[in-house]
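Examination of the molecular architecture
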Amino acid sequence: MSPDTIHTPQPRRLRLAGIIAAIVVLAIVVAGVATRANESHKLREWTDAQATPSVTLVTPEGGQGGGDLNLPGRLQAYARAPIYARTSGYLKSWKFDIGQKVKAGDILGEIETPDLDQQLLQAKADLASARANEALAQTTAKRWQAMRDSDSVSKQEVDEKTGDYDAKHALAAAAQANLERIQATKGFAKLVAPFDGVVTARETDVGALINAGGGGQELFVVSDTHKLRMYVNVPQNYAPAIKQGETVKLTVPEYPGQTFEGKIESSSSAINAASGTTLVQVAVDNNDGKLLPGGYASVTFDLPANAALFRVPASALVYDGSGLRVAVVDAQNKVTFKDVSIAQDFGKTVQLASGISAGDRLIESPPDGLANGDTVRVIPPKKDGGNGKA
């Protein structure tokens, strides 16, 4: 074999090796470019994802406002009459003590009135004198009228006698009225019960000095306790839910575990500007006398649910220069801010009275800088019942 024949394949091998090397290098370059392109794409996606806020959504709970509303109050006698003296004197006697039942017209006590007795005697004497003068003036007037018919006296003199009789008649009427006034005042010396009830207070005793007038101390208190009333201050938010005629439940400390029923009789139909409440009157039957007037009681109102009220986490609220708002996300994950108003604050959650509707998706903790029209990325809720409810 010649030398040319032996060395001929060597250049071909070199060329083949070069081609293979070039292909490998090209493959490496292509792989590197592809990897860099993929990494660049991932980086852009990551950057875009970081630029879009990630949020967790919650759905408002509708039909809020129902349940029980517990409020304090004081029981009062349905009718309570403090008895004051209408005449001065000294207490002569009393007939009923505290806790005793009385009927309308029963005499609770009697006042001794020596000064008034003398005024009564004087009034009777004044009336007798006035009537005597009236009778004399009447007789005189009739005589002078008879003489006038015979032209024995002038008409002027007859008119004077007639006028004198009219004046004496008026004085007698005034004396009669004064006597009746004193007799009426004397009638108040007996302190009587105005209605059937129980004597719940006696603030006097035999021999005590009694001064007339309502400004003095009450002598007795008569209360009708077969029925009690309770005044409750209901917050303005719940005022529309309180209906006349509805039944409520009451509890008192002296009977733990026992409830009593009452009925809503009326309300003031107005809001007290100082307290922000409306006054509601509850009537309670007390025929057995177990409940005591003046005692503390807790009343429970059964409130119906209100479809217009929604409960949301307090963290969903945004308070800024535009007021109190929530961020709502639509189907395209676009953000819209809505103005809301709070009906009741429960701490971690709040009850909204307006601004949102059922089915709205609210951002639980809106990030700073979020504006209307921004796009957000919704984080799915946790399967273990996390904070958000999408």
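Structure's up top.
Described in the following lines is the structure provided in the data block. (Residues numbered from 1 in each chain as written. Predicted model: local features only at pLDDT ≥ 70, side-chain atom pairs only at ≥ 80, totals over all residues. Heavy atoms only, no water.)

Helix and strand counts for the chain stand at four helices and 22 strands. Counting over 390 residues, the chain shows a buried share of 29%. Per element, the accessible surface of the chain, about 23600 Å² overall, is 53% carbon and sulfur. (Helix = DSSP H or I, 4+ residues; strand = E, 2+ residues; numbered from the N terminus. Buried < 20%, exposed > 50% of the residue type's maximum accessible area, 1.4 Å probe, protein only. Areas by Shrake-Rupley, 256 points an atom, 1.4 Å probe, with all protein chains shown as cover.)

For the rest of this paragraph, the subject is a nonpolar patch on the surface. A contiguous nonpolar patch, built from Leu16, Ile20, Val24 and Ile28 and spanning about 380 Å² of accessible area, is present on the exposed surface. With respect to the helices and strands, Ile28 occurs in helix H2 (residues 9–51). Relative accessible area serves as the criterion here: at 56%, Ile28 is assigned to the exposed category. (Patch = residues over 30% accessible without salt bridge, like charges linked within 9 Å, V, L, I, M, F, W, Y side chains within 5 Å. Salt bridge = Lys/Arg side-chain N within 4 Å of Asp/Glu carboxyl O.)

For the rest of this paragraph, the subject is helix H3 (residues 114–149). Along its 36 residues, H3 runs 53 Å from first to last C-alpha, staying within 8% of the 52 Å computed at 1.5 Å per residue. Among the residues making up H3, those that are buried are Leu116, Leu120, Ala123, Leu127, Ala130, Glu134, Ala137, Ala141 and Trp144. The elements touched by buried residues of H3 are helix H4 (155–187). Positive backbone phi, approximately 60 degrees, marks Asp151, located one or two places after H3. (Expected span 1.5 Å × (residues − 1). Contact = heavy atoms within 4.5 Å.)

So, on to the sheet that holds strand E19 (residues 341–345). Spatially, E15-E20-E19 is the arrangement adopted by the three strands of the open sheet, whose pairing is antiparallel. Strands with a single pairing partner mark the edges of an open sheet, and in this sheet they are strand E15 (310–313) and E19. Sheet twist, expressed as the mean angle between neighbouring strand axes with direction ignored, is 40 degrees. Pairing of E15 with strand E20 (residues 349–354), which is carried by four bridges, proceeds in the antiparallel orientation. Residue pairing for E20: Phe310 is matched across the bridge by Leu352. (Pairing = 2+ DSSP bridges. Axes fitted to C-alpha atoms, helices over the stretch in contact; angles between N-to-C directions.)

What follows deals with the nonpolar core. As a rule of thumb, nonpolar side chains are buried together in soluble globular proteins. With 23 residues, the main nonpolar core has Leu75, Met230, Val234, Leu250, Val299 and Phe301 as its most contacted residues. Excluding anything up to four places from it in sequence, Met230 contacts Pro72, Gly73, Arg74, Leu75, Leu250, Val280, Gln281, Val282, Ala297, Ser298 and Val299. With 16 residues, the next largest nonpolar core counts Ala85, Val102, Leu108 and Ala189 among its residues. (Core = buried A, V, L, I, M, F, W, Y, C linked by side-chain atoms within 4.5 Å.)

Here we take up the pairing of strand E10 (residues 220–235). Note that strand E8 (residues 197–202) and E10 share four bridges and pair antiparallel. Residue pairing for E10: Ala201 is matched across the bridge by Val221. Pairing of E10 with strand E13 (residues 277–285), which is carried by nine bridges, proceeds in the antiparallel orientation. Considered in E13, the bridge of Met230 is made with Val282.

Attention now goes to H4. The end-to-end C-alpha distance of H4, which contains 33 residues, comes to 48 Å, matching closely the 48 Å that a straight helix rising 1.5 Å per residue would cover. Taken as a whole, H4 has its buried residues at Val158, Tyr165, Ala172, Ala175, Leu179 and Ile182. Lining the buried residues of H4 we find H3.

Okay, the sheet that holds strand E9 (residues 209–210) next. If you trace the four strands from one edge of the open sheet to the other, you get E7-E6-E4-E9, paired in antiparallel fashion. The open sheet has two edge strands, strand E7 (190–192) and E9, and neither has a second partner. In the sheet, strand E4 (residues 89–94) pairs with strand E6 (residues 107–112) via four bridges, with the strands oriented antiparallel. The residue of E6 that forms the bridge with Ser93 is Glu110.

Taken N-terminus to C-terminus, the directions of H3 and H4 make an angle of 160 degrees; their axes are 7 Å apart at the nearest point. The angle between H3 and H4 falls in the class roughly antiparallel. The two elements H3 and H4 cross, and the hand of that crossing is left-handed. Looking at the contact of H3 with H4, its residues break down into 15 nonpolar, eleven polar and twelve charged. (Parallel < 35°, antiparallel > 145°, perpendicular 65-115°, else oblique. Left-handed = near helix turned anticlockwise from the far one by under 90°. Nonpolar A, V, L, I, M, F, W, Y, C, P; charged D, E, K, R; others polar.)

For the rest of this paragraph, the subject is the pairing of strand E17 (residues 323–329). Most of E17 is tucked away: six of the seven residues are buried. Of the strand pairs in this sheet, strand E16 (residues 317–320) and E17 are connected by four bridges, and their pairing is antiparallel. By the bridge assignment, Leu317 is partnered in E17 with Val326. Counting the residues in the hairpin turn of E16 and E17 gives two residues. Two elements, E17 and strand E18 (residues 335–339), share five bridges in a ladder whose sense is antiparallel.

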